[in-house]
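Notes for the structure review
The lines below spell out each chain.
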Amino acid sequence: MDNKVYIFDTTLRDGEQVPGCQLNTVEKIQVAKQLEALGVDIIEAGFPISSPGDFNSVVEISKAVTWPTICALTRAVEKDIDVAAEALKYAKHKRIHTGIGTSDSHIKYKFNSTREEIIERAVKAVKYARRYVDDVEFYAEDAGRTENEYLARVVEAVIAAGATVVNIPDTTGYCLPSEFGAKIKYLCDNVQNIDKAIISTHCHNDLGMATANTISGLINGARQCEVTINGIGERAGNTSLEEVAMILKCHSHLDLHTNINTQKIYPTSRMVSSLMNMPVQPNKAVVGKNAFAHSSGIHQDGVLKNVQTYEIMDPQEVGLDVNSIVLTARSGRAALKHRLHVLGVELEGEKLDKIYEQFLKLADKKKEINDDDLLVLAGADTTMDHHIKLDFLQVTSGVGVRPVASVGLDIAGEKFEAAATGNGPVDAAINALKQIIKRHMILKEFTIQSINKGSDDVAKVHMQVEYENHIYYGFGAGTDIVQASVDAYLDAINKFTKKAVL
Ligand code: KIV
Ligand code: ZN
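Every chain's residues receive numbers from 1 upward, in the order its sequence appears when written. Starting at A for chains and at 1 for ligands, labels are handed out in the order in which the entities are written. pLDDT decides what is reported in this predicted model: residues at 70 or higher carry local features, side-chain atom pairs at 80 or more are listed and counted, and totals for whole chains, interfaces and linings draw on all residues regardless. Processing note: side-chain calculations cover all non-hydrogen atoms of the structure and skip hydrogens and water entirely.

1. Details of the overall build of the protein chain
What counts is decided by this rule: Counting from the N terminus, the helices are the DSSP runs of H or I reaching at least four residues and the strands are the DSSP runs of E reaching at least two. The globule rule used for comparison is 2.2 Å times the number of residues to the exponent 0.38, while the radius of gyration itself is calculated over C-alpha atoms. Only protein chains enter the area calculation, which uses a 1.4 Å probe; residues under 20% of their type maximum are buried, those over 50% are exposed, and those in between are partly exposed. Contacts were defined at the residue level, with two residues in contact if any of their heavy atoms lie within 4.5 Å.
Regarding its fold elements, the protein chain presents 16 helices and 14 strands. By the compact-globule yardstick of 23 Å for 502 residues, the protein chain fits well, its C-alpha radius of gyration being 25 Å. By principal-axis analysis of the C-alpha atoms, the protein chain measures approximately 75 × 60 × 45 Å. Counting over 502 residues, the protein chain shows a buried share of 53%. Expressed as a percentage of contacts within the protein chain between residues at least 6 apart in sequence, the contacts between residues at least 24 apart total 66%.

2. Quick look at the sheet that holds strand E13 (residues 459-467)
Note the following rule: When DSSP locates at least two bridges between a pair of strands, those strands are taken to pair. In this description, a line fitted to the C-alpha atoms serves as the axis of each element, helices being fitted only across the stretch in contact, and the angle between N-to-C directions of two axes falls anywhere from 0 to 180 degrees.
Here three strands make up an open sheet; going across it, the order is E12-E13-E14 and the pairing antiparallel. Edge positions in the sheet fall to strand E12 (441-450) and strand E14 (470-478), since each has one partner strand and no second. Along the sheet, successive strands turn relative to each other by an average axial angle of 15 degrees, direction set aside. Direction of pairing for E12 relative to E13: antiparallel, over a ladder of nine bridges. Looking at E13, one finds that Ser450 is bridged to Ala459. Contacts between helix H16 (residues 481-496) and the sheet are confined to E12, E13 and E14, with E14 contributing the most and set at about 145 degrees to the helix.

3. Concerning the site of ligand 1
Worth spelling out the cut-off: In these notes, residues near a molecule or strand are those with any non-hydrogen atom within 4 Å of it. Polar contacts, as counted here, are pairs of nitrogen or oxygen atoms within 3.5 Å of one another; within protein the pair requires one atom able to donate a hydrogen and one able to accept it, and residues that are adjacent in sequence qualify only if both atoms are side-chain atoms. The Shrake-Rupley method, run with a 1.4 Å probe, gives the accessible areas here. Residue values count only the displayed protein chains as cover. In this count, Pro and Cys sit with the nonpolar residues alongside Ala, Val, Leu, Ile, Met, Phe, Trp and Tyr, while Asp, Glu, Lys and Arg are called charged and the others, Gly among them, polar.
Every residue near ligand 1 is listed here: Arg13, Asp14, His97, Tyr139, Glu141, Asn167, Pro169, Thr171, His202 and His204. Note that an oxygen atom of ligand 1 is positioned 3.0 Å from one of the side-chain N or O atoms of Asp14. His202 is positioned such that a nitrogen or oxygen atom in its side chain is 3.1 Å from an oxygen atom of ligand 1. For ligand 1, the protein covers 93% of the area, taking 260 Å² as the surface of the free molecule. Elements supplying a minimum of two residues to the shell around ligand 1: strand E5 (136-141) and strand E6 (165-170). For the shell around ligand 1, the per-class residue count stands at two nonpolar, five polar and three charged.

4. Things to note about the packing of aromatic side chains
Selection criterion: In this scheme Phe, Tyr and Trp rings, the latter by its six-membered ring, pair at centre separations within 6.5 Å, and the angle between planes marks the pair as stacked below 30 degrees, edge-to-face above 60, and tilted otherwise.
Evaluated as defined, the whole model comprises two aromatic pairs. Seen in terms of ring centroids, Tyr128 and Tyr132 are 6.0 Å apart; in terms of plane orientation they differ by 80 degrees. Their pairing is edge-to-face. Taking the centre distance of 5.8 Å and the plane angle of 25 degrees together, the rings of Tyr356 and Phe359 count as stacked. Residue Tyr356 and its partner Phe359 are located together in helix H13 (residues 349-365), separated by three residues, close to a single helical turn. The pair Tyr356 / Phe359 is uniform in exposure class, with both members buried.

5. What to know about the coordination of the zinc ion (ligand 2)
Going by this rule: Nitrogen, oxygen and sulfur within 2.8 Å of a metal are treated as its donors, or within 3.2 Å for sodium, potassium and calcium (Na, K, Ca); water is not counted, so a site can appear incomplete.
Binding of the zinc ion (ligand 2) to the protein goes through Asp14 (OD), His202 (NE2) and His204 (NE2), at separations of 2.0 to 2.2 Å. Spacing between the donor residues of the zinc ion (ligand 2) along their common chain follows D-x187-H-x1-H. Of this pair, Asp14 sits in the loop between strand E1 (6-9) and helix H1 (25-38) while His202 is found in strand E7 (residues 198-203), placing the two residues 188 residues apart along the sequence.

6. A few points about helix H8 (residues 210-219)
H8 sits mainly inside the fold: eight of its 10 residues count as buried. Listing the buried residues of H8 in full gives Ala210, Thr211, Asn213, Thr214, Ile215, Ser216, Gly217 and Leu218. The elements touched by buried residues of H8 are E6, helix H7 (177-190), E7, strand E8 (224-227) and helix H9 (241-250). One or two residues past the end of H8 sits Gly221, with phi positive at roughly 125 degrees.

7. Points about the packing of helix H5 (residues 115-130) against helix H6 (residues 148-160)
What counts is decided by this rule: The scheme is simple: roughly parallel for angles under 35 degrees, roughly antiparallel for over 145, roughly perpendicular for 65 to 115, oblique for anything else. Here a crossing is taken to be left-handed if its near helix is turned anticlockwise relative to the far helix by less than a right angle, and right-handed if that turn runs clockwise.
Between H5 and H6, whose axes approach to 9 Å, the crossing angle comes to 25 degrees. One finds that H5 runs roughly parallel with respect to H6. Viewed along their axes, H5 and H6 form a crossing whose handedness is right-handed. Along its contact with H5, which presents Arg115, Glu116, Ile118, Ile119, Ala122, Val123 and Val126, the element H6 presents Tyr150, Arg153, Val154, Ala157 and Val158. A per-class count over the contact of H5 with H6 returns nine nonpolar, no polar and three charged.

What follows is the structure, given as structure tokens:
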């Protein structure tokens, strides 16, 4: 059996389904190019029938990316497949990913159907997709909870119909690693035509077993795994690309190889986290801020004597640039451009000038600018088209005084002002905003996160604002946490108000 493991990245499809993490097409192209540089074999670029935005992203990513296969998701529905084929028109290597639920609960409750009918629909969809492309992947949704014997019949039928890859998703993240591995082995041993297709894993992380299940699947014969950067995805997320790549690298005795350039892992992780406004937990394996930080005395002592005592991988292997240049107010445009390039952000001309201007302002407030600050600056660009902008903000707070804020807004060119008090400076500022924007908005979630350390640090603010039973996400960042909070609130408001809002 070939020992190459194909890395199928679904950050831009399954990963992007996370509420509040949606990217625009330009950002998706940026991520896709970074995935190409990282060495992923297949990029799942979207679900074209789901929205014009997704359709367009698949078209543009197909044009922008050269060697990875571009994959588009569909249901086992002819119209979906027609639209996916159209979206993939410009891809140099293309794949349609079609499928249907195969577990008894999906068959009964989702489709009100029978096992035999599901096989028929699956076969029909694969044959239909093969009319457009040579590379068709079939997913048996909820395969993790599908009885093995029936699953083997489905897999055999879709391979006979022309599927080149068969995806066995643990959609609900239910399986134990031993169980999932045994499922893949069962398919390898019992599906007669299994040598005509590649088996893929697609493990969700609901019980924290996504990576373990994926590795178990690979050990037992799967040769493709579906993963996302930082493990992002619906609910508890998907399998992390970085974890799988580093496990296979560290455990070379498994003799399973990927095409991943591991030194690009860290910059890719930072880029996705920054563009999606999705913080990486500090203790996240491989890419968390503390992944290589030794704080206990015993560990520090060991590492100083010999790093191998407590480090199983070299931070530089995953692209963590321990000697990364710190930029300051004296750094020039070229240094900024170079650092952004290392982080996977390509900026030229006016855009570079604009970020450089913002960089100098930040460098005045904060002596040293690091990679996270730069990614925040580069990402901040996305809010420039807001029609409600903050004109001014003045806040007074302290001990023995009631916090008060006055706020000025520019709404599509018209100026508005209001003042209000609150139980703290952020509450006062938001109360003032609400006096101008008189809508029934409820702040459901509010998190402030400092990027590094130090009282001069940049804070990232994430908010969820409920309006008319929908949740809107807002993001703001800056050295002033009250302003960053107001920016986050306005970012959310801009998403549900289009023109005049009063
Ligand atoms: O989790 C899942 O089953 C999926 C399929 C659509 C592949 O994402
Ligand atoms: Zn999934």
